[in-house]
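# Notes for the structure review
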Amino acid sequence: MSDAPYFHDASGSVRFWVDLEGNRFVSASVGSQALRYHFHTSESADPLETFGHHVEEIEAAVRRRLSQGAMEPVMLRENDLHAPAV
């Protein structure tokens, strides 16, 4: 899928797609507040920029939610961004 992540003003979230198995994409979103709280950014920080700096961690959270039975679209909350303790 060639669509780039984008900020959806009405929901206040970054919407994006996660590539699974090379040819299946899952739509997902994460709120700007969740990004701000989890990554300790300022209120004026650009959510898309924060997303870009942490995309691998955020995509891993989507994959965890899917493995736990979440259905598309996956809507991440701040708590979802915490990696499980090993």
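Scroll up to find the structure.
Note that this is a predicted model, so its numbers are computed, not measured.

### Overview of the pattern of salt bridges
Evaluation of the coordinates by the stated rule reveals 3 salt bridges. Among the ionic pairs, Asp80 bridges to Arg65, the shortest N-O distance being 3.2 Å. In this pair, Asp80 sits in the segment after strand E4 (74–76) while Arg65 sits in helix H3 (residues 55–67), placing the two residues 15 residues apart along the sequence. Accessibility classification places Asp80 together with Arg65 in one group, the buried group. For the salt bridge of Arg77 with Asp80, the shortest nitrogen-to-oxygen distance reads 3.4 Å.

### Description of the packing of aromatic side chains
Considering all chains together, one arrives at 2 aromatic pairs under this definition. Centre to centre, the rings of Tyr6 and Trp17 are 6.2 Å apart; their planes meet at 35 degrees, and the pair counts as tilted. Placement of the pair is Tyr6 in strand E1 (residues 6–8) and Trp17 in strand E2 (residues 13–20), with a sequence separation of 11 residues. For Tyr6, a relative accessible area of 34% translates into the label partly exposed.

### Focus: the nonpolar core
By size, the foremost hydrophobic cluster in this structure holds 17 residues, and its most contacted members are Phe16, Val30, Ile58, Val62, Leu76 and Leu81. Listed by contribution, the elements that provide at least two residues to this core are E2, strand E3 (24–31), helix H1 (32–39), H3 and E4. With sequence-adjacent residues up to four places away left out, Val62 is seen in contact with Phe16, Val18, Ala28, Val74 and Leu76.

### So, the sheet that holds E1
The pairing of strands in a sheet happens through backbone hydrogen bonds and is either parallel or antiparallel. Strand order in this open sheet of 4 strands is E1-E2-E3-E4, and the pairing throughout is mixed. Among the strands making up the open sheet, the edge pair consists of E1 and E4. Pairs of neighbouring strands in the sheet enclose a mean axial angle of 35 degrees, with direction left out of account. Inspection of the sheet shows E2 paired to E3 by 8 bridges, in the antiparallel sense. The partner of Arg15 across the bridge, within E3, is Ser29. Each of E1, E2 and E3 is contacted by H1, which is oriented at about 75 degrees to E3, the strand it contacts most.

Definitions and limits used
- Residues numbered from 1 in each chain as written.
- Predicted model: local features only at pLDDT ≥ 70, side-chain atom pairs only at ≥ 80, totals over all residues.
- Heavy atoms only, no water.
- Salt bridge = Lys/Arg side-chain N within 4 Å of Asp/Glu carboxyl O.
- Helix = DSSP H or I, 4+ residues; strand = E, 2+ residues; numbered from the N terminus.
- Buried < 20%, exposed > 50% of the residue type's maximum accessible area, 1.4 Å probe, protein only.
- Phe/Tyr/Trp six-rings, centres within 6.5 Å; stacked < 30°, edge-to-face > 60°.
- Core = buried A, V, L, I, M, F, W, Y, C linked by side-chain atoms within 4.5 Å.
- Contact = heavy atoms within 4.5 Å.
- Pairing = 2+ DSSP bridges.
- Axes fitted to C-alpha atoms, helices over the stretch in contact; angles between N-to-C directions.

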